[in-house]
Amino acid sequence: MTNVTLLLPISSSSTNEEHAYITYKFDGFNYFEIKVSGVETITDRFKVYVSPDNCEWREVELSFTGPEMSVWRFVHSTITPKTELDNCNYLKIEMLPNGYFSNTRIREVKIEKR
């Protein structure tokens, strides 16, 4: 089986009052890794959805790596799906306005067809 990977370095953030989201199209993917940073914690600051058609979305149950401490209370973590994905062509990452939201970052997105 051939692996196909789409690696997207990005810097994304928003204000404390609004949700922010970014959507990617990658036909037939079944795995993703999202590297994120935030102040103190990040597990309550992200939701991820997948869709076959960019119309009907389903929320993905997420796993987070243990937070790695950085400077000034910043933590880094990697988000992956808890279960196997299928029938996915779109990935939507939602940043929720919780905590120090303006300091929450998406650092890198890796989307794969395994």
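Since we're looking at a predicted model, the values are computed, not measured.

Focus: the overall build of the protein chain
Phase 1: When you go through the protein chain residue by residue, the secondary structure sums to 0 helices and 10 strands.
Phase 2: Put simply, the protein chain runs from its N terminus to its C terminus through helices and strands in the order β-β-β-β-β-β-β-β-β-β.
Phase 3: Taken over 114 residues, the protein chain has a buried fraction of 41%.
Phase 4: Sequence separation of 24 or more characterises 77% of the internal contacts of the protein chain that already satisfy a separation of 6 or more.
Phase 5: Carbon and sulfur atoms make up 47% of the accessible area of the protein chain, which totals about 6,400 Å².

Notes on the nonpolar core
Phase 1: Phe29, Phe32, Ile34 and Leu91 are the most contacted members of the largest nonpolar core, which totals 23 residues.
Phase 2: Residues within four places of isoleucine 34 in sequence aside, it is in contact with Val48, Ser77, Thr78, Ile79, Ile93, Ile106, Glu108 and Val109.

As for the pattern of salt bridges
Phase 1: Scanning the model with the defined rule gives 7 salt bridges in all.
Phase 2: Note that glutamate 108 and lysine 35 form a salt bridge whose closest N and O atoms lie 3.9 Å from each other. Taken together, the positions of glutamate 108 in strand S10 (residues 105-113) and lysine 35 in strand S3 (residues 31-39) put the pair 73 residues apart, joining distant regions of the chain.
Phase 3: Accessibility expressed as a relative area gives 23% for glutamate 108, which makes it partly exposed.
Phase 4: A relative accessible area of 28% places lysine 35 in the partly exposed class.
Phase 5: Taking the shortest distance from any N to any O, the salt bridge between glutamate 112 and arginine 114 comes out at 2.6 Å.
Phase 6: Using a relative accessible area of 6% as the deciding quantity, one classes glutamate 112 as buried.
Phase 7: Among the residues examined, arginine 114 registers a relative accessible area of 39% and is labelled partly exposed.
Phase 8: Among the charged side chains, a salt-bridge network with shared partners connects Lys110, Glu112 and Arg114.

A few points about the pairing of S3
Phase 1: In terms of burial, S3 is largely enclosed, as 7 of its 9 residues are buried.
Phase 2: Of the pairings in the sheet, the one linking S3 to S10 comprises 7 bridges and is antiparallel in character. Bridged to isoleucine 34 within S10 is valine 109.
Phase 3: Pairing geometry for S3 and strand S8 (residues 74-81), over 6 bridges, is antiparallel. Bridge pairing links valine 36 to serine 77 in S8.

Section: the packing of aromatic side chains
Phase 1: Counted under the stated rule, the structure contains 1 aromatic pair.
Phase 2: Lying over the aromatic face of tryptophan 57, lysine 92 brings its terminal NZ or CZ to 4.5 Å of the ring centre.

A few points about the pairing of S8
Within a regular strand, side chains alternate between the sheet's two faces.
Phase 1: Most of S8 is tucked away: 7 of the 8 residues are buried.
Phase 2: Bridge count between strand S7 (residues 68-69) and S8: 2 bridges; the pairing is antiparallel. When the bridges of S8 are listed, glutamate 68 appears paired with histidine 76.

What counts, and where the lines are drawn
- Residues numbered from 1 in each chain as written.
- Predicted model: local features only at pLDDT ≥ 70, side-chain atom pairs only at ≥ 80, totals over all residues.
- Heavy atoms only, no water.
- Helix = DSSP H or I, 4+ residues; strand = E, 2+ residues; numbered from the N terminus.
- Buried < 20%, exposed > 50% of the residue type's maximum accessible area, 1.4 Å probe, protein only.
- Contact = heavy atoms within 4.5 Å.
- Areas by Shrake-Rupley, 256 points an atom, 1.4 Å probe, with all protein chains shown as cover.
- Core = buried A, V, L, I, M, F, W, Y, C linked by side-chain atoms within 4.5 Å.
- Salt bridge = Lys/Arg side-chain N within 4 Å of Asp/Glu carboxyl O.
- Pairing = 2+ DSSP bridges.
- Phe/Tyr/Trp six-rings, centres within 6.5 Å; stacked < 30°, edge-to-face > 60°.
- Lys NZ or Arg CZ within 6 Å of the ring centre and 35° of its normal.

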